[in-house]
Amino acid sequence: MRSAIHFASAALALAALSFGAMPFAVAADTPDPAADAKAFQKFFTEKFPKVKLDDFVNGPYSMNEDMHRQWEEKEQFPPYDFSLDLGKEMFAKPFKNGKSYADCFPNQGIGIRQNYPTFDEKEGKVVTLELALNRCREANGEAPFSYVKDEMAALTAYMAFTSRGKPFDIKIPNDPRALEAYENGKRYFYTRRGQLNFSCASCHVQNPGERIRAEVLAPALGILNAMPIYRSEWGGMGTISRRFTTCNSQIRGVPLEPQSDEYRDLEYYLSYVSNGLPVSGPGARP
Amino acid sequence: MSGTGRANVLKSLALATTMLIAGAASALAGASEADFKAAYAAAEAANKQAASLRNQWTPTAAALAAAKKAAEAGDFDTAVASSQEAEALAKASIYQARSEKDAWKALEIH
């Protein structure tokens, strides 16, 4: 009987001990986006001490001096100019009902790229710029554009251009759903998928600067700041949606639908951890 | 039951036995359309499960397409083999999605 009591109290003491340790365990697991972003930026600036923080937005071109020279040459005759012109024209042209894109956005849609994605507390979900543009069209009786084609690229190119140099300023409101969306995006980013068993991080965290076939891998820090991009390989422009789906198929994974919850959350996460880095879109790539 | 009815039952029993044997011998040789259908359905079911985990692989879809094409050409041996390949790929993608449920954390930057 006595030993049984001893045993019980020992068990209790153990339980108390592990309870005492709990707050730390919880702390380590509690989402802390600000700490994530700090660690993320530290990882890349330490890995590439010669690259200035703001230069990470130039993707593969930030990775070495030769590439940087190529980029400077390219920027003299930017191959995305045609898209920018088209986007500007489209943006200004009223819908059939007389309204226009400007009516759907804060500050008439000018200089606001750095705030996207936003978290819509009414819907309880992440809203990307591409999604907001199509919602604007639909609210005004226009058919939505394909997320992976030229029209969407042109519109986002123009909106990025009017925001060039503004630091990314993604907000996570005090709403558990926003934190959950952020966490889901993070999980998506680090999760291995496809027959090749790669995560986004396998390429863009573990191997930036390395070559894969003919391409130099962009670092994950600032990876969305230059979107949309002109790519010689595509012979045209690509949106964020196009880039996400392409990166999924090249590891032999079936891409999700553009603007699925997963991709929206992924964009939220990747944009948040690049807070402070400037908008540089539209971009040009090899 | 009429005489022809009984004959039919016997016939289908014989067919079922042949099918069982063929099923066991699997992709070796002499697969029937029914073998293909069963193998294809199993592969599709696994791939559907992968879809619900949001983790389908493109080679699974390619193997399913190859299976269908072979079946249309009457080549049921190939059709069954490709279906089985598709099922194995789909199962691997399911396994991957499940093991990544926690494993992803190992890659995270802290």
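Look up a bit, the structure's there.
Keep in mind that what you see is a predicted model, and the values were worked out from it rather than measured.

Tell me about empty space enclosed by the protein, residues and numbers included.
Summed over all chains, the structure comprises two cavities of 30 Å³ or more. Space inside the largest cavity adds up to approximately 80 Å³. Along the walls of the largest cavity sit Arg113, Thr128, Leu129, Glu130, Thr156, Met227, Pro228, Ile240 and Glu267 of chain A, which together make up its complete lining. Along the lines of polarity and charge, the residues of the lining of the largest cavity split into four nonpolar, two polar and three charged. Each pocket or cavity is described by its volume, and for the second largest cavity that value is around 50 Å³. Forming the walls of the second largest cavity are Tyr188, Arg193, Gly194, Asn248, Gly253, Val254 and Leu256 of chain A together with Arg54, Asn55 and Gln56 of chain B.

Describe the interface of chain B and chain A, and please don't skip the residues or the numbers.
The accessible area lost on association of the parts is a frequent measure of interface size. In this assembly, 14 residues from chain B lie in contact with 25 residues from chain A. Across the chain B/chain A interface, buried area totals approximately 1,800 Å², and carbon plus sulfur atoms make up 60% of it. When residues of chain B are sorted by the area they lose upon contact with chain A, Arg54, Leu107 and Ile109 of chain B head the list and together hold 39% of the total. Our count for the chain B to chain A interface comes out at three salt bridges.

Provide a residue-level description of the packing of helix H2 (residues 33–47) of chain A against helix H7 (residues 176–190) of chain A, including the pertinent values.
Closest axis-to-axis distance for the H2 of chain A/H7 of chain A pair is 11 Å, and the angle between their directions is 35°. Contacts from Pro33, Asp36 and Phe40 of chain A of H2 of chain A reach H7 of chain A at Leu179, Tyr182, Lys186, Phe189 and Tyr190 of chain A.

Tell me about the nonpolar core, and name the residues and values.
In summary, soluble globular proteins display a tendency toward joint burial of nonpolar side chains. Of all hydrophobic cores here, the largest spans 49 residues; its most connected members are Phe40, Phe44, Phe56, Phe189, Tyr190, Tyr268 and Tyr269 of chain A. Of all the secondary-structure elements, those providing two or more residues to this core are H2, helix H3 (65–76), H7, helix H8 (200–204), helix H9 (240–249) and helix H10 (261–272) of chain A. The residues contacting phenylalanine 40 of chain A, other than those within four sequence positions of it, are Phe189, Tyr190, Ala220, Leu221, Tyr269 and Val273 of chain A together with Ile109 of chain B. Counting 21 residues, the second-largest nonpolar core is a separate cluster that includes Ile112, Leu131, Cys136 and Tyr158 of chain A.

The rules behind these values
Residues numbered from 1 in each chain as written. Chains lettered and ligands numbered in written order. Predicted model: local features only at pLDDT ≥ 70, side-chain atom pairs only at ≥ 80, totals over all residues. Heavy atoms only, no water. 1 Å grid on protein atoms, 1.4 Å probe; cavity = no way out; pocket = protein on both sides within 12 Å on 5 of 7 lines; lining within 4 Å. Points joined across faces, edges and corners; volume = space filled by probe spheres on them. Nonpolar A, V, L, I, M, F, W, Y, C, P; charged D, E, K, R; others polar. Contact = heavy atoms within 4.5 Å. Buried area = accessible area lost by both parts, 1.4 Å probe. Salt bridge = Lys/Arg side-chain N within 4 Å of Asp/Glu carboxyl O. Axes fitted to C-alpha atoms, helices over the stretch in contact; angles between N-to-C directions. Helix = DSSP H or I, 4+ residues; strand = E, 2+ residues; numbered from the N terminus. Core = buried A, V, L, I, M, F, W, Y, C linked by side-chain atoms within 4.5 Å. Buried < 20%, exposed > 50% of the residue type's maximum accessible area, 1.4 Å probe, protein only.

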